[in-house]
Amino acid sequence: MRILTRGMLLTLLAVGVLALPVHAWDRGEVKTFASLPPGAAHPEGITVDRAGNVYVTTFDVARAGVTDEVGHLFVFRHNGQLRRQVAVQNSSPLLLDLAFHPRTGALLVIDFGGSQVLEVDPVTGESHVFTSLADQGQPGLNVLTFDRDGNVYISASFAGKIFKTGPTGGAAEVWVESALLRTTGVPGFGANGLAFNNAHTHLFVANTGNDTIVKIPVDASGNAGTPAVFVNSVNGADGLIIDEHDNLWVAANQADEIVVIHPTGRVIAKLGDFDGLDRHGAPSGLLFPASLVRSGEFLYVTNLAIDLRLFDMAGAETNGTIDSPWAADVRVHTIAKLKARIPHVHGLRAVQNGE
């Protein structure tokens, strides 16, 4: 009979441990849905219409401050084919979030550079001011959302505020202000993505520089309660949407992934990743994902792919991030597409059942 030495036993034990199955996040498959035409850069805001057309705005830092430059809106068919490019009149080149008003159908676009929200004709590009906050200096208007009555809520990243205006616009008031909505981090945007839960009893706000999601109670009259941190450590929390189960889908722009968070605050999925640049200089996967929208069974995500060394934010010099050198090499800017599914996670069924 062969006798195993101590060294042989340790070797077998190590092999056995290495052979155990390793469970990692099933990140799904990220495909390129569409590319911006040559000369267009930094897709940021994204929404869809009832026909499945995808609308994208650009945050074109290189054109900021150039005389007579305006922002652009790109409309893609559901197959990714460019339908039209629209110059948004009376805007700056720094356009961010956009959405169709759920009651009036008006297309609202945030003009970050002009500190205003514009109502835009999506065919001609004609626009008029829906609400202006130019008298606030540069509050950093970023994302908008709606309550059940059609009121519009707008995050102000530099001011640490959420503004509110009525369904037809006009003067906006401060709905809530909090230190939790400001940041000294990088990227230097505080309050960013916005979404109500399905019951409209809470508004969730992504704080990009703090890597947090903030939860704000809402009473029956629509007044804001005291904000509190819901979760930490979402690396570059940016765009945010909520599904029919109250799961939060968050674009983590510094982790190049979509993080899905259960209503209990538990992460239940991490989707997508950055896989380098292809031979045309286009991102493979996600690179600085900024905004996301769901249409049918798919998520559409804008790859902002911005080199933070290009510009100062909130008046302070900004250091680059680890993705900045990659973003600087991007020559073709893209919108990504992936299945809006939560892959199987061990123990998730018990969480969903409240066990």
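Residues numbered from 1 in each chain as written. Predicted model: local features only at pLDDT ≥ 70, side-chain atom pairs only at ≥ 80, totals over all residues. Heavy atoms only, no water.

### Observations regarding the overall build of the protein chain
A tally of regular secondary structure across the protein chain gives 3 helices and 26 strands. In the protein chain, buried positions account for 52% of the 355 residues. (Helix = DSSP H or I, 4+ residues; strand = E, 2+ residues; numbered from the N terminus. Buried < 20%, exposed > 50% of the residue type's maximum accessible area, 1.4 Å probe, protein only.)

### A closer look at the packing of aromatic side chains
Under the counting rule described, the total for this entry stands at 11 aromatic pairs. A network of ring pairs unites the aromatic residues Phe-59, Phe-112, Phe-158 and Phe-189 as a single cluster. Sitting over the face of the ring of Phe-298, Lys-337 holds its NZ or CZ atom 4.2 Å from the ring centroid. (Phe/Tyr/Trp six-rings, centres within 6.5 Å; stacked < 30°, edge-to-face > 60°. Lys NZ or Arg CZ within 6 Å of the ring centre and 35° of its normal.)

### Observations regarding the pairing of strand S3 (residues 54-58)
Within S3, 5 of the 5 residues are buried, which leaves it mostly tucked inside the rest of the structure. Burial along S3 is two-sided: the residues Val-54, Val-56 and Thr-58 and Tyr-55 and Thr-57 are all buried. Pairing analysis gives 4 bridges linking strand S2 (residues 43-48) to S3, with the strands arranged antiparallel. When the bridges of S3 are listed, Ile-46 appears paired with Val-56. Between S2 and the antiparallel strand that follows it, S3, lie 5 residues; Gly-52 among them carries a positive phi value of about 90°. Taken together, the 4 bridges between S3 and strand S4 (residues 71-76) define a ladder with antiparallel strand orientation. Its bridge partner lying in S4, Thr-57 is registered against Leu-73. (Pairing = 2+ DSSP bridges.)

### A closer look at unusual backbone geometry
Along the chain, Val-186 connects to Pro-187 via a cis peptide bond; the corresponding omega equals -5°. Tracing the backbone shows Pro-187 in the loop between strand S13 (169-177) and strand S14 (191-196). At Asp-246, a residue that is not glycine, the phi angle is positive and equals roughly 70°. A relative accessible area of 23% places Asp-246 in the partly exposed class. Phi is positive for Ala-305, which is not a glycine, with a value near 45°. For Ala-305, the position within the fold is in the loop between strand S25 (298-303) and helix H2 (324-328).

### A look at the side chain of Gln-116
Tracing the sequence through the fold places Gln-116 in strand S8 (residues 116-120). When near neighbours in sequence (up to four residues on either side) are disregarded, Gln-116 contacts Asn-90, Val-109, Ile-110, Asp-111, Val-129, Thr-131, Ser-132 and Leu-141. (Contact = heavy atoms within 4.5 Å.)

### Notes on the sheet that holds S8
Across the sheet, 4 strands lie side by side as S6-S7-S8-S9; this open sheet has antiparallel pairing. The strands lining the two open edges of the sheet, one partner per strand, are strand S6 (95-100) and strand S9 (127-132). In this sheet, neighbouring strand axes are inclined to one another by 25° on average, regardless of whether the strands run parallel or antiparallel. Summarising the sheet, S6 and strand S7 (residues 107-111) pair through 4 bridges and their orientation is antiparallel. Its bridge partner lying in S7, Leu-98 is registered against Val-109. (Axes fitted to C-alpha atoms, helices over the stretch in contact; angles between N-to-C directions.)

### Some thoughts on the sheet that holds strand S24 (residues 289-295)
Either a parallel or an antiparallel arrangement is found when strands of a sheet pair, and the pairing is made through backbone hydrogen bonds. Read across the open sheet, the 4 strands follow the order S1-S26-S25-S24; overall the sheet is antiparallel. Sheet topology places strand S1 (31-35) and S24 at the edges, where each strand pairs with a single neighbour. Averaged over all pairs of adjacent strands, the angle between strand axes in this sheet comes to 30°, irrespective of strand direction. Judged from the 4 bridges that link them, S1 and strand S26 (residues 334-339) form a sheet pairing that is antiparallel. Residue pairing in the sheet places Ser-35 in a bridge with Thr-334 of S26.

### With respect to the pattern of salt bridges
Two side chains with opposite charge may pair up if their charged atoms get near one another. The final tally for this structure, using the stated rule, is 8 salt bridges. For the salt bridge of Arg-341 with Asp-26, the shortest nitrogen-to-oxygen distance reads 3.7 Å. Remark: Asp-26 occurs in the loop between helix H1 (6-19) and S1 and Arg-341 occurs in the loop between S26 and helix H3 (348-352); sequence separation between them is 315 residues. Judged by its relative accessible area of 38%, Arg-341 is partly exposed. (Salt bridge = Lys/Arg side-chain N within 4 Å of Asp/Glu carboxyl O.)

### Re the environment of Ser-155
Following the sequence through the fold, Ser-155 ends up in strand S11 (residues 152-156). Separated by 14 residues in the primary sequence, Ser-155 and Leu-141 place their C-alpha atoms 5.8 Å from one another. When neighbours within four sequence positions are excluded, Ser-155 is seen to be in contact with Gly-140, Leu-141, Asn-142, Val-143, Lys-161, Ile-162, Ala-191, Asn-192 and Leu-194. One polar contact links the side chain of Ser-155 to the main-chain carbonyl oxygen of Asn-192, over a distance of 2.8 Å. (Polar contact = N/O pair within 3.5 Å; in protein donor to acceptor, adjacent residues only side chain to side chain.)

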